[in-house]
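What the coordinates show
Residues per chain are reported as follows:
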Amino acid sequence: MNKARFNFWIIAIAGTLAFGWMIAELVRALINVVDQAGLSAIVWDGVVHHKVGELLVGIPFVAILALSNVWPKEKVRSLIRPSAVVMVIGGLLNAIAWYTLRHTVAAGEFLRIWCLIIFVFGLTGAWISGRMLELTTRHTAGRG
């Protein structure tokens, strides 16, 4: 198996495991919110905003990262612009989560810090994807 295909499978497996974990955490958060405050509270819950935003940022980034190992670079590059919108929405949901959780979670706790990290990554993730794609293209072009 060549290195690019091996990298694809490693990223795909790790991404699938992370996706499964994030979905399980989202379901756990949804159940907690419904149990504590009812179905209508889902829309306003900061933890739910965070979990959904995390998925919206993570899925496109991991998909671009994985596919860049097996697809032509031009085809992967065409995915970056549409996924930027999704990643920005996910980042903004994390900013809302950070703000919403200000009364229930201390500023220095991991969840609030993680919301800020995902917020920044959501705003810059598409640019980072493009840079990584550009760097790998330059690196592989220099070898050949």
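To keep things clear, this report deals only with the structure shown in the data block. (Residues numbered from 1 in each chain as written. Predicted model: local features only at pLDDT ≥ 70, side-chain atom pairs only at ≥ 80, totals over all residues. Heavy atoms only, no water.)

Quick notes on the overall build of the chain
Along the chain, the regular secondary structure elements total four helices and zero strands. When the helices and strands of the chain are placed in sequence order, the string is α-α-α-α. With respect to the principal axes defined by its C-alpha atoms, the chain has extents near 60 × 25 × 25 Å. Expressed as a percentage of its 144 residues, the buried residues of the chain come to 32%. Long-range pairs, those at least 24 residues apart, make up 70% of the contacts in the chain with a sequence separation of at least 6. A total accessible area of about 8,900 Å² is found for the chain, and carbon and sulfur atoms account for 72% of it. On the chain, the mean spot of the 13 positive side-chain charges and the mean spot of the 7 negative ones are 14 Å from each other. (Helix = DSSP H or I, 4+ residues; strand = E, 2+ residues; numbered from the N terminus. Buried < 20%, exposed > 50% of the residue type's maximum accessible area, 1.4 Å probe, protein only. Contact = heavy atoms within 4.5 Å. Areas by Shrake-Rupley, 256 points an atom, 1.4 Å probe, with all protein chains shown as cover. Lys, Arg positive; Asp, Glu negative; His and termini not counted. Charge placed at Lys NZ, Arg CZ, Asp CG, Glu CD.)

A word on the packing of aromatic side chains
Aromatic rings considered in pairs are described by the distance between their centres and by the relative angle of their planes. Inspection of every chain in the model, using the stated rule, returns three aromatic pairs. A ring pair is formed by F61 and F121, whose centres lie 4.9 Å apart and whose planes are at 80°; its orientation type is edge-to-face. Here F121 lies in helix α4 (residues 110–143) and F61 lies in helix α2 (residues 46–67), a separation of 60 residues in the sequence. Residue F121 is classed as partly exposed on the basis of its relative accessible area, which comes to 26%. (Phe/Tyr/Trp six-rings, centres within 6.5 Å; stacked < 30°, edge-to-face > 60°.)

What to know about the pattern of salt bridges
Under the criterion given, the structure shown has three salt bridges. Across the pair E25 and K51 runs a salt bridge, and its minimum N-O distance is 3.7 Å. Of this pair, E25 sits in helix α1 (residues 3–37) while K51 sits in helix α2, and the two are 26 residues apart along the sequence. Like E25, the residue K51 is buried in the burial classification. Because the salt bridges share partners, they merge into one network encompassing E25, R28 and K51. (Salt bridge = Lys/Arg side-chain N within 4 Å of Asp/Glu carboxyl O.)

With respect to the side chain of K51
Look at K51 and you get buried, because its relative accessible area is 12%. Non-local contacts of K51, meaning those with residues more than four positions away in its chain, are made with E25, L26, R28 and A29.

Thoughts on the nonpolar core
Counting 10 residues, the largest nonpolar core is built from F8, I11, I64, A66, L67, V76, I80, A84, A126 and L133. At the level of secondary structure, the elements contributing two or more residues to this core comprise α1, α2, α3 (73–100) and α4. With residues up to four places along the chain from it excluded, the contact list for L133 reads S68, K73, V76, R77 and I80. With seven residues, the next largest nonpolar core counts M22, V33, A41 and L55 among its residues. (Core = buried A, V, L, I, M, F, W, Y, C linked by side-chain atoms within 4.5 Å.)

Things to note about the packing of α1 against α2
Relative orientation of the contacting elements α1 and α2 amounts to 170°, with a least axis distance of 10 Å. As summarised for this structure, α1 and α2 are arranged roughly antiparallel, according to the angle between their axes. Of α2, the residues touching α1 (which contributes F8, I11, G15, F19, M22, I23, E25, L26, R28, A29, L30 and V33) are V47, V48, K51, V52, E54, L55, I59, V62, L65, A66 and L67. The residue makeup of the contact of α1 with α2, split by class, is 18 nonpolar, one polar and four charged. (Axes fitted to C-alpha atoms, helices over the stretch in contact; angles between N-to-C directions. Parallel < 35°, antiparallel > 145°, perpendicular 65-115°, else oblique. Nonpolar A, V, L, I, M, F, W, Y, C, P; charged D, E, K, R; others polar.)

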